[in-house]
Amino acid sequence: MAILVAILVAVLGFIGLYITPILLLLPVPFIVFGIKYEMKYNIVSMILSIGFMTLIMGISMSLVLAILFVPLSIFIQYTIEKEYKSSHVLLFGAGIVLISLFLRFIILEYTLDIDVTNEMEVFIRKFFENSMKNIENRGLSNNEVLQFRDMFKSVSDYLVVVIPTMIIVFSFIISYINLLLLSIILNKIGYKKFKMGKFMYFRLPSNIILGSAVMLIGSFIIKYLKILNYNTIFMNMSFILSIVFFLQGLSLIIYWVSNMKVNKAIKIIVMIIVIINIPFLSGILSMLGVIDVIFDFRKLKKA
């Protein structure tokens, strides 16, 4: 059985080189296999899988992929079996993913001479350059073209600055997707000790407002003392705070819609409308998240 799991993940890893999202799910088969049997079988199957990957893709790429799934699969299985809270598993899992990503970046740079952060910056700037070319071909006036150019430059400059924060957010997304899929699979095979809470019950810690204030005050102190790059630090902090409060606001909207006493079809339509308009509602949802942290509209603190 361990050999079958190893072959499956090796094949998924190879496919993932062309369909990247598949790489995010490589830990799942190992964790399910390990929980159903024992941790040692999880480790054996991972060693075999790394061996198969080496034969298919070479040692450098197999190491890069191994860093993505080995630490996370071992950690998640351990925390699930120890019955940690799902929120703690998510938080520490994101930390493991973050460390794994940085190790992967180092290996890619030293073995294949690929600077991932530089590649991300180039991708962002090329994306907006191509978007600008499409705008220029639409026959707009010079003034309108200049407005778009200024806007695209501002957005691309901002995204380049917040690349570190985007990597952190990406780590949480990888951890969450793996845990959500695991929760579904484990419940299907009869393992009831782990279950990811529904997103509509997502809640930030009560002291997040105080923590945010301390972070912002700290950034202003840095600006005053001129010891670090204030703009970079402030923009990254602002970005991550807007993301977490946005998630709180979005979970509140989903909670309200789910509890509406209307036909299910209407609920789905409302949610589709919200999702389509997320780019325009992001600021409102972030503010709603801040207000919800203060007033706890869903009374989750008492739950």
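Given the structure is predicted, the values throughout are model-derived calculations rather than measurements.

Rules of the game
- As a convention, each chain's residues are numbered from 1 in the sequence order in which they are written.
- Two thresholds apply to this predicted model, a pLDDT of at least 70 for residue-level local features and 80 or more for giving and counting side-chain atom pairs, whereas whole-chain, interface and lining totals are computed over all residues.
- Heavy atoms throughout the structure, all of them, feed into the side-chain values; hydrogens and water do not.
- For the purposes of this entry, the term helix denotes a DSSP run of H or I that reaches at least four residues, the term strand denotes a run of E that reaches at least two, and both are numbered from the N terminus.
- Burial classification: accessible surface area is computed with a 1.4 Å probe over protein chains only, and a residue below 20% of its type maximum counts as buried, one above 50% as exposed, and the rest as partly exposed.
- When checking whether two residues touch, look at their non-hydrogen atoms; a contact exists if any pair is within 4.5 Å.
- Note on definitions: the grid is 1 Å and covers protein atoms alone; a cavity is a set of points where a 1.4 Å probe fits but cannot get out; a pocket is an open set with protein on both sides within 12 Å along at least five of seven lines; lining residues have an atom within 4 Å of a point.
- Grid points are joined across faces, edges and corners, and a volume is the space filled by probe spheres set on the points.
- Throughout, the ten residues Ala, Val, Leu, Ile, Met, Phe, Trp, Tyr, Cys and Pro are labelled nonpolar, Asp, Glu, Lys and Arg are labelled charged, and all others, Gly among them, are labelled polar.

(A) Here's a closer look at unusual backbone geometry. With a phi angle near 50°, D296 is a residue other than glycine that sits in the positive phi range. By the secondary structure assignment, D296 is in the segment after helix 12 (278-295). Backbone geometry at K299 places phi at a positive 55°, although glycine is not the residue there. On the basis of relative accessibility, which here comes to 48%, the residue K299 falls in the partly exposed class.

(B) The environment of F194, seen in detail. With respect to the helices, strands and loops of the structure, F194 is situated in the loop between helix 8 (163-188) and helix 9 (208-225). Taking the C-alpha atoms as reference, F194 lies 9.5 Å from I184; in sequence the two are 10 residues apart. The contact partners of F194, leaving out residues within four places of it in the chain, are I80, S86, V89, L179, S183, L186 and N187.

(C) Structural view of the side chain of S286. Inspection of the secondary structure puts S286 in helix 12. With relative accessibility at 12%, the residue S286 sits in the buried group. Setting aside residues up to four positions removed in sequence, S286 forms contacts with S242, F245 and F246.

(D) Representation of empty space enclosed by the protein in the model. Evaluated as defined, the whole model comprises two cavities of 30 Å³ or more. The calculated volume of the largest cavity comes to roughly 90 Å³. Lining the largest cavity are L23, L24, L26, P27, L68, F69, L72, V97, S100 and I174. Elements supplying a minimum of two residues to the lining of the largest cavity: helix 4 (59-81) and helix 5 (86-111). In terms of residue count, the dominant contributor to the lining of the largest cavity is helix 4 (three residues). Its residues assigned to classes, the lining of the largest cavity comprises nine nonpolar, one polar and no charged. Of the voids in this model, the second largest cavity is the one considered here, and its volume is about 30 Å³.

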